[in-house]
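Examination of the molecular architecture
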Amino acid sequence: MSSRTVIRGGLVVTASDEIHADVLIEDGRVAALAASGTPAAAAWTGDRVIDATGKYVIPGGVDVHTHMELPFGGTFASDTFETGTRAAAWGGTTTIVDFAVQGVGRSLREGLDAWHAKAEGNCAIDYGFHMIVSDVNQETLKEMDLLVEEGVTSFKQFMAYPGVFYSDDGQILRAMQRSAENGGLIMMHAENGIAIDVLVEQALARGETDPRHHGEVRKALLEAEATHRAIRLAQVAGAPLYVVHVSAMESVAELARARDEGLNVFGETCPQYLFLSTDNLAEPDFEGAKYVCSTPLRPREHQARLWRGLRTNDLQVVSTDHCPFCFVGQKELGRGDFSKIPNGLPGVENRMDLLHQAVVDGHISRRRWIEIACATPARMFGLYPKKGTLAPGADADVVIYDPHAEQVLSAETHHMNVDYSAYEGRRVTGRVESVLSRGELVIDQREYTGRAGHGAYTPRSTCQYLT
Ligand code: URP
Ligand code: ZN
Ligand code: ZN
Ligand code: ZN
């Protein structure tokens, strides 16, 4: 069925432009933009006209790091694809790229099929997959080529979590060499997990069992060391590298140095590292468990280096690493032993707002907001310009954003399936008003109008950020 929507009078903000323009949407795609008030724009008619006067009209957010239903730490991340993608829509995100997991001793294909089965028919917004490679061998290396061909073009490896997802340097080098040939992008969890496990054991032996010790044993230096090692392995392999969830200022320095050398290395950070700190991990009565994730939250002084990295493009992407575990019954598994607290924070609903607050606070510009949250993640992971911008031919994934609305973030009002908010009580300026996904309203003036199954699997091309 053909349909036309016109969005009138808003300030269209993309990574490259800010223009007062009307947007014409036809059959789920952006058909045209024209300066508001011009005869060309005035002539457009639509089945639906959305008045965006005084609002921003922005591309839907692209969150390239989520873990819906992830089996981890003896339990499962508490958002399903249904609840998690609905919460994402509420927060102005219209595409996620989640991580399918290869079980040890299993094929990539089996893991990918299992994740397709979890997501299919359940998502409110579009989704793609990366593949977590936990077992590099001759078979899985061959499978990587096949996955790239079918649109799973990025692979996460772990220098942490020995016995779970861990790869040694040889396995990492082999996967990087393969990706240098097939165009895949290696995403690295850069922490020296072998050394960290020794420090965990020693801390527990000293009776240091509280959540704050999670931050103490997962040292910034061991993040930076692993980041450095990953960069050099990628350099030897001639492969590009994307380092996920960067939290330490020393790691940003490693990335900056490598980029100054001309290497194709990229970095992602997450809102929790920009807005939260070890102060949260030290909250009494086990409340600190709410903030246990890896890489861990750092002392406050790291934040300025992350913001600077985002401004200087030594960090290119902010995604959430959304991996929620309820406080009751899940985070509580680690009472008396911080190493048993499931690692991960909720945040898929909060990213666009927190980064808008960063615009309000003067950390980044409005266009940089869209660049790090929409355009660059789409480019980096082969979704651009279908996703990440508003241009003729792009999917009509559009957010009408009210930059003046005030809100207080809280578990009482959020839509993520988790019993706490990492940002409880935080005031932010700006709020999502309406959201379109491929031209369909999924949030209509603060009402959910989407449905499970609207979201479609989106195969991806290889990284478009290198050229
Ligand atoms: O603590 C985290 N980040 N949990 C999710 C898994 C990962 O390492 O990204
Ligand atoms: Zn204006
Ligand atoms: Zn990770
Ligand atoms: Zn993650």
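Residues numbered from 1 in each chain as written. Chains lettered and ligands numbered in written order. Predicted model: local features only at pLDDT ≥ 70, side-chain atom pairs only at ≥ 80, totals over all residues.

**Looking at the overall build of the protein chain**
Helix and strand counts for the protein chain stand at 14 helices and 18 strands. For a compact globule of 467 residues, the expected C-alpha radius of gyration is about 23 Å, and the protein chain comes in at 21 Å, within 12% of that figure. When its C-alpha atoms are laid out on the principal axes, the protein chain stretches across 70 × 50 × 40 Å. Buried residues in the protein chain amount to 57% of all 467 residues. The contacts in the protein chain between residues at least 6 apart in sequence include a share of 76% that link residues at least 24 apart. (Helix = DSSP H or I, 4+ residues; strand = E, 2+ residues; numbered from the N terminus. Rg over C-alpha atoms; globule rule 2.2 N^0.38 Å. Buried ≥ 20, exposed ≤ 12 C-beta atoms within 10 Å, placed from the backbone. Contact = placed C-beta atoms within 7 Å.)

**Some points on the UniProt feature "modified residue: N6-carboxylysine" (unreviewed entry) in the protein chain**
Mapped onto this numbering, the UniProt entry annotates "modified residue: N6-carboxylysine" (unreviewed entry) at Lys 156. Within the element layout of this structure, Lys 156 appears in strand 11 (residues 154–158). When neighbours within four sequence positions are excluded, Lys 156 is seen to be in contact with Phe 99, His 130, Ile 132, Met 187, His 189 and Val 244. (UniProt positions renumbered as here; feature names shortened; annotations may be inferred.)

**Description of the site of ligand 1**
All residues in the neighbourhood of ligand 1 are listed as His 67, His 189, His 245, Cys 293, Ser 294, Asp 321, Cys 323, Asn 343 and Gly 344. Classifying every residue of the shell around ligand 1 gives two nonpolar, six polar and one charged. (Near = placed C-beta within 6 Å. Nonpolar A, V, L, I, M, F, W, Y, C, P; charged D, E, K, R; others polar.)

**So, the sheet that holds strand 6 (residues 61–66)**
Read from one edge of the open sheet, eight strands run 6-9-10-11-12-13-14-15, paired in parallel fashion. Since the sheet does not close on itself, it has two edges, and those belong to strand 6 and strand 15 (317–318), each with one partner. Note that strand 6 and strand 9 (residues 93–101) share four bridges and pair parallel. Opposite Thr 66, over in strand 9, you have Asp 98 as the bridge partner. (Pairing = 2+ DSSP bridges.)

**Quick notes on the pairing of strand 5 (residues 56–59)**
Where strand 1 (residues 4–13) lies against strand 5, two bridges are found, and the strand directions are parallel. Paired with Val 12 across the two strands is Val 57, which belongs to strand 5. Where strand 5 lies against strand 16 (residues 398–408), four bridges are found, and the strand directions are antiparallel. Counted as the bridge partner of Tyr 56 is Tyr 401 from strand 16.

**Things to note about the confidence of the model for the protein chain**
Residue-level pLDDT values for the protein chain average 98, and 99% of them are 70 or greater. Across the interface, the model reports ipTM at 0.92; the global pTM reads 0.98. (pLDDT = per-residue confidence, 0-100.)

**Overview of the nonpolar core**
Core analysis: the largest hydrophobic core is formed by 144 residues, its most contacted members being Val 23, Met 131, Ile 186, Ala 230, Ala 234 and Leu 241. Not counting the four nearest positions on each side in its chain, Val 23 is found in contact with Ile 7, Val 12, Val 30, Leu 33, Val 57, Leu 390 and Val 398. (Core = buried A, V, L, I, M, F, W, Y, C linked by C-beta atoms within 7 Å.)

**Digging into the UniProt feature "domain: Amidohydrolase-related" (unreviewed entry) in the protein chain**
Taking the numbering used here, the UniProt-annotated feature "domain: Amidohydrolase-related" (unreviewed entry) corresponds to residues 56–442. Within residues 56–442, the helical portion is 37% and the strand portion 19%, while the C-alpha atoms at the span's ends are 17 Å from each other.

**Side note on unusual backbone geometry**
Cis geometry marks the peptide bond from Ser 294 to Thr 295, where omega comes out at 0 degrees. Structurally, the position occupied by Thr 295 is in the loop between helix 11 (278–281) and helix 12 (302–312). The backbone phi angle of Tyr 161 is positive, close to 60 degrees, even though this residue is not glycine. For Tyr 161, the position within the fold is in the loop between strand 11 and helix 5 (169–182). One non-glycine residue, Gln 445, lies in the positive phi region at around 45 degrees. Inspection of the secondary structure assignment puts Gln 445 in the segment after strand 18 (440–443).

**Observations concerning helix 3 (residues 108–119)**
For helix 3, which comprises 12 residues, the first-to-last C-alpha distance of 17 Å matches the rise-based estimate of 16 Å (1.5 Å per residue) to within 8%. Of all the residues in helix 3, the buried ones are Leu 108, Gly 111, Leu 112, Trp 115 and Ala 119. Seen from one end, helix 3 has its buried residues packed into an arc of 95 degrees, which puts them on one side. Counted as exposed and oriented over 90 degrees from the buried face of helix 3: Asp 113 and Ala 117. Looking at the packing, one finds that the buried side of helix 3 touches helix 2 (81–90), strand 9, strand 10 (126–132) and helix 4 (138–149). Positive phi shows up at Gly 121, right after helix 3, with a value of about 80 degrees. (Expected span 1.5 Å × (residues − 1). Arc of directions from axis to C-beta.)

**A short note on the packing of helix 3 against helix 4**
Following both chains from N to C, one finds helix 3 and helix 4 inclined at 45 degrees, their axes separated by 9 Å at the closest point. With respect to helix 4, the element helix 3 is oriented oblique. On helix 4, the residues that touch Leu 108, Arg 109 and Leu 112 of helix 3 are Thr 140, Glu 143 and Leu 147. Class assignment for the residues of the contact of helix 3 with helix 4 results in three nonpolar, one polar and two charged. (Axes fitted to C-alpha atoms, helices over the stretch in contact; angles between N-to-C directions. Parallel < 35°, antiparallel > 145°, perpendicular 65-115°, else oblique.)

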